[in-house]
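Here is how the chains run, residue by residue.
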Amino acid sequence: MVEFLKENVGEIGEQAIEHLWLSGISIFLSCVAGISLGLALTRNQKFAGFFIGVTGVMQTIPSLAMLGFFIPFLGIGKLPAIVALFLYALLPIVRNTYTGIQNIDANIREAAMAMGMTRYQLLAKVEFPLALPVIFAGIRTATVINVGVATLCALIGAGGLGEFIFRGITLNSTPMILAGAIPASILAISLDYGLSLVQKNVRKRLWPFIAGMAIVIGIYPAWSILNQSDNKAGLVAGFNSEFMNRTDGWPGLSEAYDLQLPAVELEITLMYEALKNQEVDVIAGFTTDGRIQSYNLRVLEDDLHYFPPYYAAPIVKLETLKEYPLLEASLTQLDGKIPKELIAYLNLKVDQHEFSIEQAADSLLSSVTKGVFAKNPALPGKEKLVIGSKAFTESYILATFLSEYVETTTGYPTDLKLGFGGTKLLFDAFLSGDIKLYPEYTGTALLVFVQPSKTVIDSLLQSPEKIHTFTNSELKEDFGVVMLPSFGFNNTTALMMREELADQLGIVTISDLKNYIIRFDQ
């Protein structure tokens, strides 16, 4: 853990500044809007219940749903993150401003009015100063909430300490999770303590506090501008957390091609939208994704053959095959039964919301079985076979299909646990017995679980059959796991660009992309 922190202290520092900026600017905007609204409601009390209720409803919306809601309108990145954090911070500030003003002793108001003060003078010289400690308590609460919620903003490419947390969850790496969680907690505790000191004498310390906020808000844009000057080619990549950190992902690819490209982390399903909307220029996608055609994307040729074949296949433990004796024969029947065009079509239909996951799985079952298998009755008393999936469309479809297929052909009852956040996380759950069966990819199993030497990998790369045989043999020996025959389609990882941009820059292969970037460094 200490070693990991030492190695990544620079990146943690950058993310902490980014995190502080996201929280700071959203709190600043919430203070301006929330205090103004709270003061206005004290003068129009019949609207107070409605507006405070609306801000309360906003805070009940789950954070991820709020972030996702703004993506169609504001895209990805920092803008939707700031808007979501701004809305989350409103309730405590509006409510405390309204309550603080309302709870001022009526006699004090009457005395001020008797002295001839106008309504503005009453507010500025009496009510607001007296209510300031209560208002500040609301700001303090909103700040702590925002520092916590801001960790989720990493999922939409806004950066911050959430990047380490989600990378750690994806890779099931405790040091990586703590590298994001501990600084976020320290940030929240430090801000809460600092604000409590200001709150004790808020009238004297308010302006130094505002000046401090202005400095925090100003530091990050200046730092970003300095960093942006290094990206002379002007291209930005968007990768999911797993690709960003897996050895067979961005670290290995950038080393193999000597490719230097600034990259932002995005939730896996947002990459294609970000590329389509010109918010990033390169992504690492999946070659069976239907959006490649519908979004007019170009798959860059892997001219150094860095990515191995990724043939999808069910994996299951040997002990599970003994426990469910009909399972192996049933799943072996799926050998080569799913063409790439069919799974790409179903992926597209689900991503475009024309099919549900269950409808896509039904179509797959219908296509694969062709009515050959009669539905077997459920076996009473048999423990449910738990089937898992990763958190992307194709994995959801395949897992749901496997559930229907196993129940139809064997009668074994099944249960689904879908959407594991990363390969390592799912595999660990599989090894521990929480998951009995799930669809995996040969390239992933080879590079992530088996991890042979580079010489062995190079000797296997050109033959999908050799990769499957070698991986299956190693998995059996090391983990007691069987990789059954492949479904028949190769869903390898590939770099993708918008067709129009790739045409304009003359980029066909990954080496072309590297050569284009190198021109700007000379």
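Residues numbered from 1 in each chain as written. Predicted model: local features only at pLDDT ≥ 70, side-chain atom pairs only at ≥ 80, totals over all residues. Heavy atoms only, no water.

### Remarks on the side chain of threonine 55
And step 1. When you line up the elements, threonine 55 lands in helix H3 (residues 48-60).
And step 2. Since its relative accessible area comes to 4%, threonine 55 is described here as buried.
And step 3. Among all residues touching threonine 55, those that are not within four sequence positions of it are Leu90, Leu91 and Val94. (Helix = DSSP H or I, 4+ residues; strand = E, 2+ residues; numbered from the N terminus. Buried < 20%, exposed > 50% of the residue type's maximum accessible area, 1.4 Å probe, protein only. Contact = heavy atoms within 4.5 Å.)

### Some words on the UniProt feature "transmembrane region" (unreviewed entry) in the protein
And step 1. Listed under "transmembrane region" (unreviewed entry) in the UniProt record, and renumbered for this structure, are residues 20-41, 48-73, 79-101, 145-165, 177-195 and 207-226.
And step 2. Annotated as 100% helix and 0% strand, the span residues 20-41 places its first and last C-alpha atoms 30 Å apart.
And step 3. The span residues 145-165 is 43% helical and 0% strand by assignment, and the distance between its end C-alpha atoms comes to 17 Å. (UniProt positions renumbered as here; feature names shortened; annotations may be inferred.)

### Some words on empty space enclosed by the protein
Gaps between atoms show up when a probe of the same size as a water molecule is rolled over them.
And step 1. Within this structure, the stated rule accounts for two cavities of 30 Å³ or more.
And step 2. Estimates place the volume of the largest cavity at around 100 Å³.
And step 3. Lining of the largest cavity is provided by 13 residues; of these, Phe286, Asp289, Arg291, Phe392 and Thr393 occupy positions nearest its centre.
And step 4. Of all the elements in the fold, those that place two or more residues in the lining of the largest cavity are helix H17 (340-351) and helix H19 (393-410).
And step 5. Residue composition of the lining of the largest cavity, by class: four nonpolar, five polar and four charged.
And step 6. Space inside the second largest cavity adds up to approximately 40 Å³.
And step 7. Taken together, Ala154, Leu155, Glu163, Phe166, Ser241, Glu265, Leu266 and Glu267 make up the lining of the second largest cavity.
And step 8. Grouping the constituent residues of the lining of the second largest cavity by class yields four nonpolar, one polar and three charged. (1 Å grid on protein atoms, 1.4 Å probe; cavity = no way out; pocket = protein on both sides within 12 Å on 5 of 7 lines; lining within 4 Å. Points joined across faces, edges and corners; volume = space filled by probe spheres on them. Nonpolar A, V, L, I, M, F, W, Y, C, P; charged D, E, K, R; others polar.)

### Quick notes on the pairing of strand S10 (residues 493-498)
The side chains of a regular strand alternate, first on one face of the sheet and then on the other.
And step 1. Of all the six residues making up S10, six are buried; the element is thus mostly covered by neighbouring parts of the structure.
And step 2. Bridge count for strand S3 (residues 282-286) against S10 is four bridges, and the pairing is antiparallel. The partner of phenylalanine 286 across the bridge, within S10, is threonine 493. (Pairing = 2+ DSSP bridges.)

### Concerning the environment of leucine 64
And step 1. Relative to the assigned elements, leucine 64 resides in helix H4 (residues 63-74).
And step 2. Considering only alpha carbons, one finds leucine 64 and isoleucine 210, 146 residues apart in sequence, at a separation of 30 Å.
And step 3. With residues up to four places along the chain from it excluded, the contact list for leucine 64 reads Leu152 and Leu155.

### Considering the nonpolar core
And step 1. With 85 residues, the main nonpolar core has Leu327, Leu331, Ile338, Leu364, Leu398, Phe401 and Phe487 as its most contacted residues.
And step 2. Examining the composition of this core, we find that eleven residues originate from one element, helix H5 (residues 78-102), more than from any other.
And step 3. Not counting residues up to four positions away in its chain, the partners in contact with leucine 398 are Ala312, Ile338, Ile343, Leu364, Pro439, Tyr441, Phe487 and Phe489.
And step 4. Leu235, Ala237, Leu300 and Leu505 belong to the second largest nonpolar core, which has 26 residues in total. (Core = buried A, V, L, I, M, F, W, Y, C linked by side-chain atoms within 4.5 Å.)

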